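So you can see what is in the structure, the chains are spelled out below.
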Amino acid sequence: MDGWGYQENTLPQEQLKRGNEVSILTTTNSSIRPTEREKTEGSYDLDGIHIIRMKETGLFKQRQFAKYNHICAELEKLHPDLVFVHGVNFLSIGELEKYCKRHPSTVVFGDTHSDYINSFNKLALLNKAYIRLYTKRLFKKYEYLFDTIYYVAPQCKRFIEEVYGADTRRLKYLPLANTPYHEEVQIESVRKEKRLELQIAEDDLLFVSGGRHRRSKNILQLVKGFSSITARNTKLILFGSWDDEEYKAAVYKEIENDKRIIDIGWLNNEQIEELYYAADCGVFPGTQSILWRIAVSCGLPVICHYTEGAEELNLGGNAIILNSDESIIWNMIIERVINNPQMLFEMKKVALEKGKYFFSNMRLAEIIDDDYKKALSSKMKKGLRIHSDE
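Residues numbered from 1 in each chain as written. Predicted model: local features only at pLDDT ≥ 70, side-chain atom pairs only at ≥ 80, totals over all residues. Heavy atoms only, no water.

(A) Quick peek at the sheet that holds strand 4 (residues 82-86). Overall, parallel pairing links the four strands, which are arranged 4-5-6-7 in an open sheet. Of all strands in the sheet, those with a lone pairing partner are strand 4 and strand 7 (171-173), marking the two edges. If you compare each strand with its neighbour and ignore which way they point, the axes differ by 25° on average. Most of the contacts of helix 13 (residues 361-381) go to strand 5 (residues 107-112), to which it runs at about 135°, and overall it touches strand 4, strand 5, strand 6 (148-151) and strand 7. (Pairing = 2+ DSSP bridges. Helix = DSSP H or I, 4+ residues; strand = E, 2+ residues; numbered from the N terminus. Axes fitted to C-alpha atoms, helices over the stretch in contact; angles between N-to-C directions. Contact = heavy atoms within 4.5 Å.)

Have a look at this one:
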């Protein structure tokens, strides 16, 4: 929706379907593509959801340093029952405190995506110092505002506990999830159309892998392992963008003589979903991505390289988690899947029966509604007066 990813993109739509009035208070930044970073300041309605975009009011435009001093004023206009903060650390959180002091019955939830990889590895020493000396203090000062803080993966729970000192009693698991673009009855026709478009025969076994192809994604090891497979009716499709041209060249050199491996480039979210419906198995040999969870939400079996939190993908047999990124190991496991159709059938069955619901925003919206009722009830028991005209 309108240039967001993660929950900001599709969770509000599921909350709207449940009969809630939904507004999004956000910045003018967009994450659709690198070439489309700015949206116009102002408010508008989109698909039943009211969106307010704010310009930064501080000196800095970078996301982690920007300030928005009119959040409280905007909240006063909206008068929400529930405020869901995506990312519990932002410099203008005092604006939220100001509003909550005026309206103590307001329920506040937040979520955290930060872990040791995505937060501590960037600008290493400088970023660590900034987190420990400033944002940790900011978090501890305002932590009390949150009735619940959702962590999107197990490694995020460990990070917020160990680095920020979060109260474990406030924390709850709420995974990254997906809302499908296509109805259940459309999936088979989408599969056939996509395979026809990609010139993949119906009896071909199709593996897919995608995302931002950094070296940490281990695509080179994957294609080396796949190239050694002798089965001719097996295909591997790569999709996504390349951060490193030198690495891209190394991968392309490896696959130039193997017509079974195809790179189809960057795809939008709907195209990714269509590709997953066309595929038989997702293969992800590197660091984690939301794309792994979207694959499972589409009912796709997956083979993944283990990093902390990857175990959440396995809901009873739909996923194979490998502790190695070596080409020979990936060759062996893909060969095993090719030669054991019953194994892939059972993986697919679990993915369809459990994965689609577990990683659906419909389930997340249900959880949030239930948690809101519990939090509101708790506030009432503590003696807060809730006025109908508040």
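On we go.
(B) Geometry of the packing of helix 7 (residues 219-227) against helix 11 (residues 327-338). Interaxial distance between helix 7 and helix 11 falls to 8 Å at its minimum, and their mutual angle equals 50°. Regarding the angle of helix 7 to helix 11, the classification is oblique. Seen from above, helix 7 lies across helix 11 with right-handed handedness. Between helix 7 and helix 11, the residues in contact are Gln221, Leu222, Lys224, Gly225 and Phe226 and Ser327, Trp330, Asn331 and Ile334, respectively. Here the contact of helix 7 with helix 11 is composed, by residue class, of four nonpolar, four polar and one charged. (Parallel < 35°, antiparallel > 145°, perpendicular 65-115°, else oblique. Left-handed = near helix turned anticlockwise from the far one by under 90°. Nonpolar A, V, L, I, M, F, W, Y, C, P; charged D, E, K, R; others polar.)

(C) Structural view of the nonpolar core. Grouped together as the largest cluster of nonpolar side chains are 65 residues, with contacts concentrated most on Leu96, Phe146, Ile160, Val208 and Tyr276. In terms of residue count, helix 10 (residues 290-297) provides more of this core than any other element does, six residues in total. Every residue in contact with leucine 96, bar those within four places of it in the chain, is listed here: Leu75, Val83, Val85, Val108 and Leu145. Formed by 29 residues, the second largest nonpolar core is a distinct cluster that contains Leu220, Phe226, Ile229 and Leu344. (Core = buried A, V, L, I, M, F, W, Y, C linked by side-chain atoms within 4.5 Å. Buried < 20%, exposed > 50% of the residue type's maximum accessible area, 1.4 Å probe, protein only.)

(D) Representation of the confidence of the model for the protein. This prediction gives the protein a mean pLDDT of 89; 89% of its residues lie at or above 70. Below a pLDDT of 50 lies the segment residues 385-390, which in the model reaches seven contacts outside its immediate sequence neighbourhood of four places, other chains included. (pLDDT = per-residue confidence, 0-100.)

(E) Representation of the packing of aromatic side chains in the model. For the coordinates displayed, the defined rule picks out 13 aromatic pairs. For the ring pair phenylalanine 159 and tyrosine 164, a centre distance of 5.9 Å and an interplane angle of 75° mean the geometry is edge-to-face. Across this residue pair, the class does not change: phenylalanine 159 and tyrosine 164 are buried. Here the aromatic rings of tryptophan 242 and tyrosine 252 are separated by 6.1 Å at their centres, their planes lie at 85°, and the arrangement is edge-to-face. One end of the pair, tryptophan 242, is in the loop between strand 9 (234-241) and helix 8 (245-255); the other, tyrosine 252, is in helix 8, and 10 residues separate them in sequence. Put simply, the rings of Tyr116, Phe139, Phe159 and Tyr164 touch in pairs and so form one group of aromatic residues. Here the guanidinium or amino end of arginine 363 rests over the ring plane of phenylalanine 358, the centre of that ring lying 4.1 Å away. (Phe/Tyr/Trp six-rings, centres within 6.5 Å; stacked < 30°, edge-to-face > 60°. Lys NZ or Arg CZ within 6 Å of the ring centre and 35° of its normal.)

(F) Representation of the pairing of strand 6 within the structure. Taking every second residue as pointing to the same face, both faces of strand 6 are buried, with Thr148 and Tyr150 on one and Ile149 and Tyr151 on the other. Taken together, the four bridges between strand 5 and strand 6 define a ladder with parallel strand orientation. Within strand 6, the position partnered with threonine 112 by the bridge is tyrosine 151. Examined bridge by bridge, strand 6 and strand 7 share three bridges and lie parallel to one another. From the neighbouring strand, isoleucine 149 faces strand 7, where its bridge partner is leucine 171. Between the parallel elements strand 6 and strand 7, the chain passes through helix 5 (residues 154-162) in a crossover that is right-handed. (Right-handed = clockwise from strand over helix to strand, strands pointing away.)

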